[in-house]
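Chains, contacts and geometry: an overview
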Amino acid sequence: MPHTVLVLGTDHRFQTRSHDFSESQHQQFASYVVATARAHKVAGVVEENNPQAVAEAEMEESTVQTIARTLGLKHLHCDPDRETRTALDIFQENDIRASAFFEKVNETEIKRRIDESLRKRERYWLTQLQQFDTWPVLFICGANHALPFLDLLRTNNVDTILVARDWST
């Protein structure tokens, strides 16, 4: 499977072992990631995450990073940190909504700005993925990104497999 990306959309809280989920649910997520990686013989795991976010969650490494290390796979955090987001004009939804409130912008324009920002982020991931140059790769992202990112990959002639649009226990 050269140049193949397996996309697994899920809840980010699994990546940081959030207390919102039980230990059993975290184990189910880890087991699913391991089984998927083994079944598809991936060479690497990439996740929508960054070291800054991992540190803020008071973790040394993300769940996905631990799994990759345990399996002997290459790992990459592909999401831009806050400084990079600012430089690329990538904004969080809350920031877009707050600035739109003061600008008196309507909901249609707010949704357009949110969508534009999300697509910029996904293009950044694609660049990171191409530089990572490890195939096949399992790509773990938030469920809201699974289908748009899959479309972006396909548009850029990358073979894709949708493993899960929104994996949950």
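Not measured: the values here are computed from a predicted model.

Brief notes about the packing of helix α1 (residues 23-39) against helix α3 (residues 63-71)
Two measures define how a pair of helices packs: the angle their axes make with one another and the distance between the axes. Where α1 meets α3, the axes come as close as 10 Å, and the angle between the chain directions of the two elements is 45°. Overall, the two elements α1 and α3 adopt an arrangement that is oblique. The interaxial crossing formed by α1 with α3 has right-handed handedness. Residues F29, A30, V33, V34, A37 and R38 of α1 form the contact with α3, whose participating residues are T63, V64, I67 and L71. Across the contact of α1 with α3, the residue classes break down as 8 nonpolar, 1 polar and 1 charged.

Things to note about the state of the cysteines
What the rule picks out here adds up to 0 disulfides. There is no disulfide at C78, and the cysteine sulfur nearest it, in C141, is 8.4 Å away. The exposure class of C78 is buried, given its relative accessible area of 1%. Look at C141 and you get buried, because its relative accessible area is 0%.

Notes on the side chain of T4
Mapped onto the elements, T4 comes out in strand β1 (residues 4-10). The class for T4 is buried, based on a relative accessible area of 4%. Look past the residues within four positions of T4 in its chain and what remains in contact with it is W135, P136, V137, D159 and I161.

As for the pattern of salt bridges
All chains considered together, the criterion is met by 17 salt bridges. Across the salt bridge formed by R113 and E109, the nearest N and O atoms sit 3.0 Å from each other. Residue R113 and its partner E109 are located together in helix α6 (residues 107-132), separated by 4 residues, close to a single helical turn. Taking relative accessible area as the criterion, R113 reaches 21% and is therefore assigned partly exposed. Ionic contacts of the salt-bridge type, sharing partners, join the residues E103, E109, R112, R113, E116 and K120 into one network.

Criteria and thresholds
- Counting of residues starts from 1 at the beginning of each chain's written sequence and follows it residue by residue.
- Owing to the predicted nature of the model, reporting of local features is limited to residues with pLDDT of at least 70; listing and counting of side-chain atom pairs is limited to 80 or more, with chain, interface and lining totals taken over all residues.
- Computation of side-chain values covers all heavy atoms of the structure but excludes hydrogens and water.
- Lines are fitted to the C-alpha atoms to define the axes, a helix being fitted only along its stretch in contact, and any angle between axes, read from their N-to-C directions, falls within 0 to 180 degrees.
- Strands here mean DSSP runs of E at least two residues long; helices mean DSSP runs of H or I at least four residues long; both are numbered from the N terminus.
- Reported orientations rely on four angle classes, namely roughly parallel under 35 degrees, roughly antiparallel over 145, roughly perpendicular from 65 to 115, and oblique for the rest.
- The crossing is said to be left-handed when, going from far helix to near helix, the turn is anticlockwise and less than a right angle, and right-handed when the turn is clockwise.
- Contacts: residue pairs with any heavy atoms within 4.5 Å of one another.
- Classes in brief: Ala, Val, Leu, Ile, Met, Phe, Trp, Tyr, Cys and Pro nonpolar; Asp, Glu, Lys and Arg charged; the others, Gly included, polar.
- In what follows, a disulfide is any cysteine sulfur pair within 2.5 Å.
- Exposed residues in this analysis have more than 50% of their type's maximum accessible area, buried residues have under 20%, and partly exposed residues fall in between, with area computed by a 1.4 Å probe over protein chains only.
- Salt bridge, as applied in this entry: a Lys or Arg side-chain nitrogen positioned within 4 Å of an Asp or Glu carboxyl oxygen.

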